[in-house]
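# Structural features, examined
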Amino acid sequence: MTKKLFSLLAILIVAAMVLGACAPAATPTAAPVEPTAVPTEAPPEPTEVPTEVPPEPTEPPATEPPATEPPAVFKACQVTDTGGIDDKSFNATAWKGVEEAMAEFGIEGKYLESQQQTDYEKNLKAFVDEGCNIIITVGFLLGDATAAASTTYPDMMFSIVDYAYDPVLPNVLGQVFTTDEAAFLAGYAAAGMTKTGKVATFGGIQIPTVTVFMDGFALGVQYYNQQKGTAVEVLGWDPATQTGSFTGNFESKEDGRTLGLSFIDEGADIIMPVAGPVGEGTAAAVKERGNAWVIGVDADWYETVPDYKDIVLTSVLKNMNITTKGAIQAAMEGTFAGGVIVGTLENGGVGLAPFHDADSLVPAELKAELETIAAEIIAGNIPTSP
Amino acid sequence: MAPVLELKGITKRFPGVLANDHIDLTLEEGQIHALLGENGAGKTTLMNILYGLYQPDEGEIWVQGKQIKVHSPSDAIASGIGMVHQHFMLIPVFTVTENVMLGDEDVRAGGILDRKTVAAKIRQISEQYNLQVDPDAYVEDLPVGVQQRVEIIKLLYREADILILDEPSAVLTPQEVEELIKIMRSLVEKGKSIIFITHKLKEVLEIADQITVIRRGKVVGATTPQEADQNQLAEMMVGRQVDLEVDKEPGRPGQRVLEVKDLMVLDDRHQLAVDGVSFEVMEGEVLGIAGVQGNGQTELVEAITGLRLSTSGKIVITDEDLTNSTPRQITEQGVAHVPEDRQKDGLVLPFPVADNLILNTYYQAPFSKGVVLQADKILENANQLIKDFDIRTPGAMTKAGALSGGNQQKVIVAREFSRPIKLLVASQPTRGLDVGSIEYIHRRIIEKRDQGTAILLVSTELDEIMGLSDRIAVMYRGKIVDVMPAQAVTKEQVGLLMAGITQPAA
Amino acid sequence: MTNEKSNPKEGPPKQSASEIFLEEISKPPPKQRSRWRGIGQAIAIPALAVFTGLLLGAVFIVLTSESFYAAWSISPIAGLKEAWDIVVTAYSALFVGAIGSPKEIISAIINLDPEALREALYPLTESLVAATPYIFGGLSVALGFRVGLFNIGAEGQIFMGAIFAAFVGYSITGLPALIHIPLTFLAGALGGAFWGFIPGWLKAKTGAHEVINTIMLNYIAFRLSDYLLTGPMQRPDSFNPVSPTIMDSAKLTRFFDDPIRLHLGFIIALGMAWLVWWFLFKTEWGFYLRSVGANLHAARYAGMNVPLAIILGMTLAGALAGMAGGNEVLGVNYNLAMAFSSGYGFDSIAIALMGKSHPLGVVLAALLFGALRNGATSMMLATGIPIDIISIVQAFVLVFVAAPAIIRTIYRLKPPPEGEEGIMVSSWGGD
């Protein structure tokens, strides 16, 4: 008796929930109806990241309309490395790309966090079994596992963030970034903004994806010195010898704070930490002393670390979300091909974030120079790596 | 007038055991009531019921003519019942005052502890009962006897009228026992009433007003010191005739087995504990080392058995210089050791009895073959020894920790006595044991002596030394002050030497 | 008789509560307890701890689920119904992910379809793969406990084992698998043993506490692996901190075709569990080490060399942990990459505790946690519940196993007959 009543109630509730759940679901299904608008809708984002983007957005809308009986929704699935989805670094940024794709194209996005190296293979298989259309993997740690999976599942599309294969794999799109180009601009800006004549950078662990920032930054400063006849000094990295300061990890904010304080004590007033969350410690040190700036990396720290927005001069952007979204879009549109996409200054894959609150402090002249230099870099006239 | 405390028909069952079987007990005001019984007789269970740690299955508790229910120690204290446990509940790094306040803090405004008032009250209690406790002393600096008095003060501070003292003399030196007895007298004079749990007959006869004897959870007798003597009490406790005097022939000393020469040993704090000691022990004799606890006996024994390095001097066992050898080398020379602290040193309590019986021979045949332990041989050995040494245990695989103190000691004795030995070093072999076990261990030691083993007996129990030794050495402040034939001295003479008083004509 | 002062904290006697009890039960010999009852007792607490841990995990799942709040705002009944649905969905996904779908397994068997059978059994075998390092790690910590040592350093030893195994695995070429596999596996054990020997030796010679030293050595191992992977052991054609792939001849044999990854390591782990059991309980060396662990005073009294036991205990514990590291490199990953293990060593402590430091218990606990970890992926896939929930469940289980009084209170169990918990705990501190 009561059991019946309960089931009835339950059914009613479930029905209500299903109906309720349908409401938000309706919006994305509506969105792809005008997919032609999508690429143009996001003007600051150069969505034509894929190597060749013949805009053929006819397929998706054709399949989408009978959305009342949910057809095979396009699934973009991301396997994180052991850093987890909320690493405030490439896992998070790549996931942002998936989320943007979800919002824009009305697709389904999923992610699996890996806790151990052994999970990579397992999670990749789980997504294949799940019927994902494209699998995004993140970071060099997944390099081997992604390559292996691409052979096991030749029909699956993969895209790996911050990694590339040589020779290329037919069904894996590597995403790499010329971060040095953006870091070069940051270095130039730092050299133009320093009052003490000393700027600093340091890394988490000495690996290429880290040192590429530091190279660009140091060369940017050097370029400024060349142009202006100044002698701004870079602490923490020597591009010629490839030696410098590293915390030895990507976790300890305390290490970042200590290193930040010692740089400030040595006279640096602008610091660029290239060490993930460690950099937050440096920001804290800068805030503590109050006489210096930090330059963020990967994402725009003004937005991602709002606690410190008043001391963020600018950020070196590595827009993995844009390349990730691009890969998803290419997969949806049937233009996906294995290879490498390079996020550059030119295609917006990397860039310098706005100065935000510091904007009024930056001389218009410096801003103009930065724009010129950016154009020169794109044109290939200024080398940004040693 | 109603008695201060009455227990009526208290019954407590544990799985498979009737721990208390309709026990009645009446405590009159201003009296000392001794509760006498062997270990495991049910004394402690009864007192824990009274103190609220256990709930009785049947029976009633009456205080001052009113029935009370005791669900927790705080109920007991509210009814004026306080208990001093065998193991003190003091925090060593706190002062006496702080320990007394603990759990009953007097607090001034602002949450500040009011140490002064408490200290004053402690001082007053201390004077009133002649306890001589300094409220500001740190507990860790106090001798055991004084720590016990701190426990008593805790109860008096909480205005307890009925004091339960659980085996209070077990941890004390003879002098401290004397003082305790005085304090107990002064407490009852001032109107307190005491339940005194013990298995030491002499103390009972000396101080008790009433005696209740329990055995196997039942009251087997109620008497007074005037009506009973030691032998009767012992018989009631154990349930059979007990020989309190050790029956023995005079020893027949043979070859020298142990020679200790000019031995110097440091204690844990690097103080000289054994100061140039020399003596010998012969085959077939018992050399008893008397002395108050803490005069270097422990360190001496440890040096002989290899547990502590000596700084100078020599230890020779059957012509072999074993100075600073390892315990194993010494054991293999035929030395057996019954350690002072049986639970800490003598046994691995979580291990079964069978394993404890091979603790120092496990690597030898027949217990080990190659590296593989021979379970059947180990069990066989255990069953044999359990039978031979009358170890009361549910089985050979019962954990040693589950046995009573007496039976634990029997396990050690069985292990040490069952292999061929030339020298037995027995340190406090009967400490904390009940009458039956004491009698048994004493008999075994003399038996071993009669088989020609040299025996070094170290004890703080003067009666034990007097009863077993052929020769007696007295240790005082790290030195042996005298060695004399046992027949030639009286207890009083040895007692004086133990206290450091050397007289010309001993 | 009036007493204003209420509730002075006269707690029950510290250790004497059990002593008293022992005293009371010892004299009249009670009936010999049946062996089975003892085993039942031993299993009851961990089983209930797991159950309670899952229950509390369910509470967390519900409380962190938005749909629950949405339903609750409609009506409490709707909320409860939703909560029930969430938990059922999540835990059935967990179960299927860990064990496999019974339906698929049966149908595959009936149809004699080997491929379908492989697919159906894949979750189960993945659980075994996940459990394998836990078995080694759990044995390591358990062996430490038995010798009275708290090996927090399993994580570092795992890293060292992995480094050694990876090096021998890729650098030595031209060996037949029959030689290369044992060689690399032993190299892993050796690496861990070396890392266990150091704190053991320090403790034996200087009294330095192994807890502190193993923690420190963990960090050294992590940084050492970072250094090696960005330097000497870095893959020649790569700029990333990954070692070269090990030779095929060093890879632990897999028993089935893809996708089943179950490999020889699992069998070795079971073999090691048996060996550890045999060593501890059947040999004189085990007797010696256990005696030192249970009461080092008595062990010394009985002529045992206590410092040697400490060194030996830590070294063997290290070797077992090193095997966990080697196993991962040789059985699953085929290379060593930065941060390859995040927490096997620490989970191993939980597993050893849950397994009551008994090899059989360790194997069971490891299988359980392997299954939970593996099933969590499916749960995440099906419901989006983060894998971290399993860590929460695991933490609860650990709390309950370490403090069985909680479980006993919740389920009104009788206290243990012989104060066995105390013995367990006394072997913790290591001195």
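Residues numbered from 1 in each chain as written. Chains lettered and ligands numbered in written order. Predicted model: local features only at pLDDT ≥ 70, side-chain atom pairs only at ≥ 80, totals over all residues. Heavy atoms only, no water.

As a further point, take the overall build of chain A. Check the secondary structure of chain A and you find 13 helices and 14 strands. Among the 386 residues that make up chain A, the fraction classed as buried is 55%. By sequence separation, contacts in chain A at least 24 residues apart represent 69% of the contacts at least 6 residues apart. Within the structure as shown, chain A displays about 16100 Å² of accessible surface, and the carbon and sulfur contribution to it stands at 58%. (Helix = DSSP H or I, 4+ residues; strand = E, 2+ residues; numbered from the N terminus. Buried < 20%, exposed > 50% of the residue type's maximum accessible area, 1.4 Å probe, protein only. Contact = heavy atoms within 4.5 Å. Areas by Shrake-Rupley, 256 points an atom, 1.4 Å probe, with all protein chains shown as cover.)

Bringing the domain arrangement of chain B into the picture now. All names here are of chain B. Domain boundaries in chain B define domain 1 (5-238), domain 2 (243-334 + 420-506) and domain 3 (349-417). Inter-centroid distance (C-alpha atoms) of domain 1 to domain 2 is 35 Å. At the junction of the two partners, domain 1 supplies 14 residues and domain 2 supplies 14 residues. For the interface between domain 1 and domain 2, the tally reads 2 salt bridges. Viewed at the interface, domain 2 and domain 1 are joined by 1 residue pair in polar contact (both at pLDDT 80 or more). Elements that contribute at least two residues to the side of domain 1 that touches domain 2 include exactly helix H6 (174-189), helix H7 (201-207) and helix H8 (230-238). For the side of domain 1 that touches domain 2, the leading source of residues is H8, giving 5 residues. Per-class residue counts for the side of domain 1 that touches domain 2 are 5 nonpolar, 6 polar and 3 charged. (Domains from an automatic or database assignment. Salt bridge = Lys/Arg side-chain N within 4 Å of Asp/Glu carboxyl O. Polar contact = N/O pair within 3.5 Å; in protein donor to acceptor, adjacent residues only side chain to side chain. Nonpolar A, V, L, I, M, F, W, Y, C, P; charged D, E, K, R; others polar.)

Within the largest apolar cluster, 271 residues are counted, with the highest numbers of intra-cluster contacts made by Ile134 and Ile328 of chain A. Per-element tally for this core: the top contributor is helix H13 (residues 306-333) of chain C, with 13 residues. Contact partners of Ile328 of chain A, with chain neighbours within four places excluded, come to Phe74, Ala76, Val98, Ala101, Ile107, Ile134 and Ile136 of chain A. Listed in part, the 50 residues of the second largest apolar core include Leu36, Ala137, Leu142 and Ala228 of chain B. (Core = buried A, V, L, I, M, F, W, Y, C linked by side-chain atoms within 4.5 Å.)

Here Thr118 of chain A shows up in the loop between strand E2 (108-112) and helix H5 (119-130). Separated by 124 residues in sequence, Thr118 of chain A and Gln242 of chain A have C-alpha atoms that sit 33 Å apart.

All names here are of chain B. Pairing in this open sheet of 4 strands is antiparallel, and the strands run E14-E13-E16-E17 from one edge to the other. Because the sheet does not close on itself, it has two edges, and the strands there are strand E14 (272-282) and strand E17 (320-321). One ladder, built from 6 bridges, connects strand E13 (residues 256-266) with strand E16 (residues 310-317); its direction is antiparallel. Bridge assignment links Val265 to a residue of E16, and that residue is Ser310. Relative to the sheet, helix H9 (residues 297-304) contacts E13, E14 and E16, its axis offset from that of E13 by approximately 120°. (Pairing = 2+ DSSP bridges. Axes fitted to C-alpha atoms, helices over the stretch in contact; angles between N-to-C directions.)

Residues and elements named next belong to chain C. Residues Val59, Phe60, Leu63 and Tyr69 make up a contiguous nonpolar surface patch of roughly 360 Å² in combined accessible area. When residues of the nonpolar patch are assigned to their parent elements, the largest contribution, 3 residues, is made by helix H2 (residues 35-63). Position of Leu63 among the secondary structure elements: in helix H2. A relative accessible area of 44% means that Leu63 is categorised as partly exposed. (Patch = residues over 30% accessible without salt bridge, like charges linked within 9 Å, V, L, I, M, F, W, Y side chains within 5 Å.)

Attention now goes to helix H10 (residues 278-289) of chain A. All names here are of chain A. The end-to-end C-alpha distance of H10 is 17 Å, a good match for the 16 Å that 12 residues give at a rise of 1.5 Å each. For H10, every residue scored as buried is listed here: Val278, Gly279, Glu280, Gly281, Thr282, Ala283, Ala285 and Val286. On its buried side, H10 packs onto strand E6 (198-203), helix H9 (253-265), strand E10 (270-274), strand E11 (293-298) and helix H11 (301-304). The positive-phi residue at the C-terminal boundary of H10 is Gly290, with phi of around 75°. (Expected span 1.5 Å × (residues − 1).)

Okay, the packing of aromatic side chains next. Taken as a whole and assessed by the stated rule, the structure comprises 23 aromatic pairs over all chains. Taking 4.9 Å as the distance between ring centres and 35° as the angle between the ring planes, the aromatic pair formed by Tyr362 of chain B and Phe287 of chain C counts as tilted. On the criterion of chain membership, the pair formed by Tyr362 of chain B in the loop between helix H12 (353-356) and strand E19 (368-369) and Phe287 of chain C in helix H11 (residues 284-294) is interchain, its members lying in two chains. A residue is classified by how much of its surface remains accessible, and Tyr362 of chain B, at 4% relative accessible area, is buried. Assessed through its relative accessible area of 0%, Phe287 of chain C is described here as buried. (Phe/Tyr/Trp six-rings, centres within 6.5 Å; stacked < 30°, edge-to-face > 60°.)

For the rest of this paragraph, the subject is a negative patch on the surface. Among the surface-exposed residues, Asp243, Glu245, Asp247 and Glu249 of chain B lie close enough to one another that they form a single negatively charged patch. Locating Asp247 of chain B in the fold gives a position in the loop between H8 and E13. (Lys, Arg positive; Asp, Glu negative; His and termini not counted. Charge placed at Lys NZ, Arg CZ, Asp CG, Glu CD.)

What follows deals with the interface of chain C and chain A. Facing the 41 residues of chain C at the interface are 34 residues of chain A. Taking both sides of the interface into account, the surface hidden between chain C and chain A amounts to around 3300 Å²; carbon and sulfur atoms contribute 56%. Across the contact surface, chain C and chain A share 3 salt bridges. Among the salt bridges present, the one from Lys125 of chain A reaches Glu119 of chain C, with a minimum N-O distance of 3.0 Å. Across the chain C-chain A interface, the total number found is 14 residue pairs in polar contact (both at pLDDT 80 or more). Breaking the side of chain C that touches chain A down by element, the ones donating at least two residues are helix H4 (76-99), helix H6 (114-146), helix H9 (210-230), H13 and helix H15 (359-383) of chain C. Here the side of chain C that touches chain A is composed, by residue class, of 18 nonpolar, 10 polar and 13 charged. (Buried area = accessible area lost by both parts, 1.4 Å probe.)

Residues and elements named next belong to chain C. At a minimum axis distance of 11 Å, the contact between helix H10 (residues 264-282) and H13 shows a crossing angle of 170°. The orientation of H10 relative to H13 falls into the category roughly antiparallel. On the side of H10, the interface is formed by Gly265, Met272, Val276 and Phe279, while H13 contributes Leu316, Leu320, Met323 and Asn327. Of the residues belonging to the contact of H10 with H13, the class tally is 6 nonpolar, 2 polar and no charged. (Parallel < 35°, antiparallel > 145°, perpendicular 65-115°, else oblique.)

Residues and elements named next belong to chain A. Applying the stated rule across the entire model yields 1 disulfide over all chains. At a sulfur-sulfur separation of 2.0 Å, the disulfide partner of Cys77 is Cys132. Residues Cys77 and Cys132 share a disulfide whose torsion about the S-S bond is about -85°; that sign makes it left-handed. Of this pair, Cys77 sits in strand E1 (residues 75-79) while Cys132 is found in the loop between H5 and strand E3 (134-138), placing the two residues 55 residues apart along the sequence. (Disulfide = S-S within 2.5 Å.)

A separate point is unusual backbone geometry. Trans is the prevailing form of peptide bonds, just as negative phi is the prevailing case for residues other than glycine. The omega angle of the peptide bond from Asp166 of chain A to Pro167 of chain A is 0°, so this bond is cis rather than trans. With respect to the helices and strands, the residue Pro167 of chain A is situated in the loop between strand E4 (157-161) and strand E5 (172-177). Of note, the bond from Ala365 of chain B into Pro366 of chain B is cis; its omega dihedral lies within 30 degrees of zero at 0°. Of note, Pro366 of chain B is situated in the loop between H12 and E19. The backbone of Glu167 of chain B shows a phi angle near 45°, a positive value even though the residue is not glycine. Relative accessible area serves as the criterion here: at 7%, Glu167 of chain B is assigned to the buried category.

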